[in-house]
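Tertiary structure, described
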Amino acid sequence: MRNQVDLAQEPEQVFLNPWQDDSVTLLAKPPYFWRAVPAALIDGVGASANPAWNDKIEGYLAQTRRHRKFKKAIMYSTVPAVIKDVGFRKSLIMTQDRILLSGAVGVRALNKFRWTNEKAAFDPQQRVIEFFAACLKENKGKTLTVDPDALGPDIDFAIIARNTFNFYHFITETLSQLCVLDELDFQGRVFIHFPNREDKTRDFAKSFIDALFPELKDRVFFERAPKDYAQVLTAYDLVGVHYLNPELEPSKLNVLAPSDQFWNCQAATVAAQNMLQMNVVNSGLAALRDRGLRRIEGLDFSDLPKKFYVGRDTRQSRTRHMEGEDELFDHLRLFGFEYVVFENMHPLEQIALMANAEVMISYHGAGFTNMLFANPEAYVIEVGTLQTAMTRWGDFWPVANAAQCKYISFFADYKGIKPGKEPNPFKDELLPAALSHQGIGQLMAFVVALDGHMPEMPKREDLLRLARTLYRSEEFAKTLTVLEGHPKLTAGHFGLQMLLADCYKSVDEPKSELKALDAAFKADKSRWQTLIRMIWCANRCERPQVIRWAVSRLQADFPERHDAFVENHDWVRYVV
């Protein structure tokens, strides 16, 4: 029973408020709680052979782009802290018999609290929101305890691991915490506590520590929870106290949010919490990337491929092989791709492989954790499903944002599942992906275009899907090459002509943009927005005759839009 945590209580009895408690002491004032950093290029596309599933996928992706993706990534600080009366329980950290909200540990604690109290007399979601609101009011004007001399000579460093067999959780959540020791002259022991049986610990846990933290050799000990300390040094990921923090400056954070449909800043709704986690990178993760790249400096890895497909070693990973994998690799091999298995490589080889990669392709799995070490120009291409899009895709956004690479996901079909039998994304077991012949063609067209070749697209819908994927990947010149190489398909098609106009705008060719806009309007004269855009583009090109024509069409076909536009833009009166 010592390892159990009672969550069936009021939140103030479950969660620690460090602004009101003296059990947490920071060794220095945080350099920042959060700061905005550039975001990686992250996007997805439907790749199902079933049109109805593709519509669902594209609908979810559009909603995510519009309402869940921040304008910039948010880096949260992870700092060293000394904690008194500590108990490591399963995958939680306790102090004063309450849970310390720190990083992913804190997120899981909040989720477990909601699940545990689903049938309670109170609404756990609302009670959590009320608890944090009361804490914010109570914490106003206060600061966290800071004492540079709090680190005693015989203190141990200890962290909690979700487990020691999942590569993603161990690298991103556990290994990254060791980086806070870089700030300290710490010569003591390091303990990693975990909840699973000892025989489930995988070899990668120790091998990555040895490879990336050689200075800790023989000082790191794996020990199963529970474990108690009178006081201990640990890594404190301050995103865990996001909802308690009176120093957050929410107005500055809110301007980075795409909309308020899901975002409530310091109101701890499930939707807002998930949105925060998708867009946050903790400083420990960024520091782990830097450390990994430093460890391979000066070493020769010239034998490693730059374009590769990542397979699985079924002896060390779950067998969720993708349907269509062999056929996909047969095509990739023709363009110089090699087949690699991360599990069979030394940690430094894995890091070097990603650091020098041009294109990595694989199906959804923990191997995408290594995206952390990818170079900013690398394409990391994932094959998943609508289920992974809704439940797992956001887990890898922080890794991509730390690397600043190009993370593109093709969301395909479910292996062995027929239309009408799709799973509940949140309740059913994670299903493997299936990439159909059509999906393979779609992915290969993208890869071929990236490689500088011209894929032949027989249908307009296929050309439009490829061009949109290239455009969202900011490959404007290659998008133009593909579109201009299919003049018969683009002629008379509104969507393709508008995409041409977007590309010309991106490469600063306004005259070509105007020509494409004219073709788009001729293809579909029901859209007043095209005329408005033509007016602006013609003004930039100094084509007053085109402005007069577009304004007259706007007045004739869309009088209300015309009146509003002219009223708000006086300069138009002088042209017409």
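The coordinates are above.
Residues numbered from 1 in each chain as written. Predicted model: local features only at pLDDT ≥ 70, side-chain atom pairs only at ≥ 80, totals over all residues. Heavy atoms only, no water.

1. Structural notes on empty space enclosed by the protein
Any empty space left between the atoms is revealed when a probe the size of a water molecule rolls over them. Put simply, the test is: The distinction between a cavity and a pocket rests on a 1 Å grid over the protein atoms alone: a 1.4 Å probe fits inside a cavity but cannot get out, while a pocket stays open yet meets protein on both sides within 12 Å along at least five of seven lines, and a residue with an atom within 4 Å of a point counts as lining. Grid points are joined across faces, edges and corners, and a volume is the space filled by probe spheres set on the points. Here the nonpolar group is Ala, Val, Leu, Ile, Met, Phe, Trp, Tyr, Cys and Pro; Asp, Glu, Lys and Arg are the charged ones; every other residue, Gly included, is treated as polar. Helix and strand definitions follow DSSP, with helices as H or I runs of at least four residues and strands as E runs of at least two, each counted in order from the N terminus.
In the structure shown here, the tally under the stated rule is four cavities of 30 Å³ or more. Quantified by volume, the largest cavity comes out at close to 70 Å³. Forming the boundary of the largest cavity are 11 residues, of which His364, Thr388, Leu431, Pro432 and Ala433 lie nearest the centre. For the lining of the largest cavity, a count of residues per class yields six nonpolar, four polar and one charged. Taken as a whole, the second largest cavity spans an internal volume of roughly 60 Å³. Residue lining of the second largest cavity: Trp53, Lys56, Ile57, Leu386, Ala412, Tyr414 and Glu422, and that is the complete set. The dominant element in the lining of the second largest cavity, judged by the number of residues it contributes, is helix H2 (residues 51-67), at three residues. Partitioned by chemical class, the residues of the lining of the second largest cavity number five nonpolar, no polar and two charged.

2. Examining the nonpolar core
Rules: To qualify as a nonpolar core, a set must consist of buried Ala, Val, Leu, Ile, Met, Phe, Trp, Tyr and Cys residues joined through side-chain atoms within 4.5 Å. The classification of residues rests on relative accessible area computed with a 1.4 Å probe and restricted to protein chains. Under 20% of the type maximum is buried, over 50% is exposed, and intermediate values are partly exposed. By the convention used here, residues are in contact when the closest approach between their heavy atoms is within 4.5 Å.
With 82 residues, the main nonpolar core has Phe157, Leu175, Leu178, Phe213, Val380 and Tyr407 as its most contacted residues. Apart from residues lying up to four places away in sequence, Phe213 is in contact with Leu175, Leu178, Cys179, Phe208, Leu288 and Arg291. One finds Phe337, Phe446, Leu464 and Leu517 within the second-largest nonpolar core, a separate group that totals 68 residues.

3. Overview of the environment of Leu238
Secondary-structure assignment places Leu238 in the loop between strand S11 (227-237) and helix H7 (250-254). Setting aside residues up to four positions removed in sequence, Leu238 forms contacts with Pro30, Phe33, Tyr76, Ser77, Val79 and Leu144.

4. As for the sheet that holds strand S3 (residues 41-46)
Strands in a sheet are paired, the pairing made by backbone hydrogen bonds, and the direction either parallel or antiparallel. Threshold: A pair of strands counts as paired when DSSP detects no fewer than two bridges linking them. Under this scheme, a helix contributes an axis fitted over its contacting stretch, all axes are lines through C-alpha atoms, and angles between N-to-C directions fall in the 0 to 180 degree range.
Spatially, S3-S17-S16-S15-S13-S14 is the arrangement adopted by the six strands of the open sheet, whose pairing is parallel. Only two strands of the sheet have a single partner each, and these edge strands are S3 and strand S14 (338-341). Across the sheet, the mean angle separating the axes of adjacent strands is 20° when strand polarity is ignored. Pairing geometry for strand S15 (residues 359-363) and strand S16 (residues 379-384), over five bridges, is parallel. By the bridge assignment, Ser362 is partnered in S16 with Glu382.

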